[in-house]
Amino acid sequence: MASDLRALVILGLFSAAEAIQPSAPDPIAAPLRDLKWGQLNFLHTTDTHGWLAGHLQEPSYSADWGDYVSFATRMREIAESRGQDLLVIDTGDRVEGNGLYDSSEPKGLYISEILRQQHIDVLSSGNHELYKKNTSEAEFLKTVPNFQGHYLASNIDIFHPETGELVPLAPRSRKFTTEKQGIRVVSFGFLFDFTMNYNNTVVQPVEETVKERWFQEAIHDQEVDLFLVVGHVPVRSKEYDAIFRAIRVSHPDTPIQFFGGHYHIRDCARYDSNAYGLASGRFMETIGFMSIDGLSTKDNQLKPGHLTPIFERRYIDNNLFSFHHHTGLDWTTFPTEHGRKVSHLIQQSRSALQLDEIYGCIPKTLWMSRSPYNAQDSIYSWLQKKVLPDMLSNETRQGKPAFAIVNTGAIRFDLFKGQFTRDSAFIVSPFTSGFRYLKDIPYDKAALVLEVLNKQPKIFTATRDLTDSLPWALATPEQAAYGNGFGTSRVRRDDPILNMPMDQKPMFSNADSRLEVIPGYTTADDLGVDGDDTVHSTIGFYQIPNCINALTFDTGSAVPESVDLVYIDFIEPYVALAAKFAALDIDVPQESDVYMPSITLTDLIVDWVKANWACAA
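Below is a summary of the structure that appears in this document. None of these values were measured; they are calculated from a predicted model.

**Quick look at the environment of Val167**
Inspection of the secondary structure assignment puts Val167 in strand β5 (residues 166–168). Classification of Val167 as buried rests on a relative accessible area of 14%. With 34 residues separating them along the chain, Val167 and Thr201 place their C-alpha atoms 9.3 Å apart. Apart from residues lying up to four places away in sequence, Val167 is in contact with Phe140, Asp157, Ile158 and His160.

**Observations concerning a nonpolar patch on the surface**
Together, Phe159, Leu166 and Val202 make up a nonpolar patch on the protein surface, roughly 220 Å² of accessible area in all. By the element assignment, Val202 lies in strand β8 (residues 201–203). Among the residues examined, Val202 registers a relative accessible area of 35% and is labelled partly exposed.

**A word on helix α18 (residues 601–612)**
In a regular helix each residue adds 1.5 Å, so 12 residues correspond to 16 Å; α18 covers 16 Å between its end C-alpha atoms and thus fits that length. All buried positions along α18 are accounted for by Leu601, Thr602, Leu604, Ile605, Val606, Trp608 and Val609.

**A few points about the side chain of His44**
With respect to the secondary-structure elements, His44 resides in strand β1 (residues 40–45). Exposure remark for His44: the relative accessible area of 0% places this residue in the buried category. A polar atom in the side chain of His44 sits 2.9 Å from the side chain of Thr91.

**Section: the sheet that holds β8**
Here we have three strands laid out as an open sheet, ordered β5-β4-β8, and antiparallel in their pairing. The sheet terminates laterally at β5 and β8, the two strands that pair on one side only. For this sheet, the mean angle separating the axes of adjacent strands, direction not counted, is 30 degrees. Summarising the sheet, strand β4 (residues 156–159) and β5 pair through three bridges and their orientation is antiparallel. Bridge assignment links Asp157 to a residue of β5, and that residue is Pro168. Set on the sheet, helix α5 (residues 133–146) makes contact with β4, β5 and β8; between it and β4 the angle comes to about 100 degrees.

**A short note on the pattern of salt bridges**
Oppositely charged side chains are able to pair whenever their charged atoms sit close together. One pass over the structure, following the stated rule, counts 29 salt bridges. Across the pair Asp530 and Arg313 runs a salt bridge whose closest N-O atoms are separated by 3.4 Å. Here Arg313 lies in strand β14 (residues 310–317) and Asp530 lies in the loop between β19 (519–520) and β20 (537–538), a separation of 217 residues in the sequence. In this structure Asp530 comes out as partly exposed when scored by relative accessible area, which is 31%. The class for Arg313 is buried, based on a relative accessible area of 3%. A single network of salt bridges, built from pairs that share partners, joins Asp90, Arg94, Glu129 and Glu139.

Thresholds, definitions, all that
- Residues numbered from 1 in each chain as written.
- Predicted model: local features only at pLDDT ≥ 70, side-chain atom pairs only at ≥ 80, totals over all residues.
- Heavy atoms only, no water.
- Helix = DSSP H or I, 4+ residues; strand = E, 2+ residues; numbered from the N terminus.
- Buried < 20%, exposed > 50% of the residue type's maximum accessible area, 1.4 Å probe, protein only.
- Contact = heavy atoms within 4.5 Å.
- Patch = residues over 30% accessible without salt bridge, like charges linked within 9 Å, V, L, I, M, F, W, Y side chains within 5 Å.
- Areas by Shrake-Rupley, 256 points an atom, 1.4 Å probe, with all protein chains shown as cover.
- Salt bridge = Lys/Arg side-chain N within 4 Å of Asp/Glu carboxyl O.
- Expected span 1.5 Å × (residues − 1).
- Polar contact = N/O pair within 3.5 Å; in protein donor to acceptor, adjacent residues only side chain to side chain.
- Pairing = 2+ DSSP bridges.
- Axes fitted to C-alpha atoms, helices over the stretch in contact; angles between N-to-C directions.

Structural measurements only, silent on function.
Now the structure itself:
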């Protein structure tokens, strides 16, 4: 396999190729807002989760990593021609969520070589890089060296794979001066207070890290024009608040630019007039653009308060129509030779992984949150009524009804009408979690466990000492953002519709019917309502519960006296706590057992599609 990879790398880098993936749809022309350039400009990606081939079923996001390589190159050329600077940022969760990463053995075999083709000035780790030992070691042994000196890990340590010594995953900070403007930048790379990492890594809470001597020395540097804080951290979070406050003690006015992620939303947060934070979506849907004007430089020292910097942002739809517009180029002049070769490398990698192998054909699109979760076109309704009842079984428990609980965060993307491929399986549910169960649980207690899970974290708040180690992410990252009032990707936070009851109410207002534009992101953030580069009509979204359930045995209208309580093993800590609230006298980890050995939710979905949705001859 290693020799195959080297061959692909050579082929990808030294043969002529067309940009964009061959099966990707052409972008749709749409009204665009121009970029506002400044002294210092940024391009930002976050939560790409392996989507380096772009979206092969969505025209708005169909550009691939090779196209992004060309875009960054062309944007840097524009900046330099103006005497300005451009920095490229990535804030983690580059793994898990797409066949290009998840389908290889070992996982990520091809992706690190593709990622490294982009020049990234500052990048950080996400939580997904740390869930497993092999993933974090791959970061340490491959990704950190691939971006030598640019990868920062301010609060992450790793036990060295060879020596066993606890060492920083990457450098804690970096100070550099921009080439054109001479802006002196002190940069950091953080992860939120993550606790579910594998035991070969240590994540220090941010509030403790800012008290460390090295951090205090870095922020007391007086020869700095900008603090650049990148991290896999929501831009509205206690972690970034702590960093902001710490910097402001020694630098009351020095500009601070934060870049965040994790919630999978578009958002821009204002900390004060000299400090902003940008989050740039998910899954290679968005290329974030940020610019700052009015900065001091090494050769032009402005006095504090002399000039308030101007921060501007755009959320660029990841497609070639947007890229061509913002660079003033076209199909013939835009692509760089390097970008073309990266696109070809992606194509060859996908071919080697057989990601276009067809498992079946989806008769209609199934949505995660564009429909009520119990609607006929909801992916959760499909799981609840079809997949789980049909596919969950245990030969040793024949005839025993199973009450199955699946957290909605186990599903990561919509299922689009059309071919369901090997790639689709990893996109919809990339996780390797299996199923565990508790035998002979009273039905009413099982139902109460589900009720508790769907009311968390409100119910669990009173016992926070028991729950500090839980990740609090049963639903999708986006849902977590909306639940905290940060749903700025698709609706204004002050929209009165957010005050409606949760049960089956649209979370977002209807589109302006006067605009004949395609549906998409309509972001409102702390800089206003004009951040999206593409003018879209609004998409309606619905809130979904933390968990859904299915009864896998037809008992007619009668409720069974007892059931096997089956659940995804990832949520076992939650189930254990919910069981206590349900007054179940059970030690969940000790008394649970494997329900279907070596079977994952993804396996169930694939097998159901093969059995029920074969493609027409």
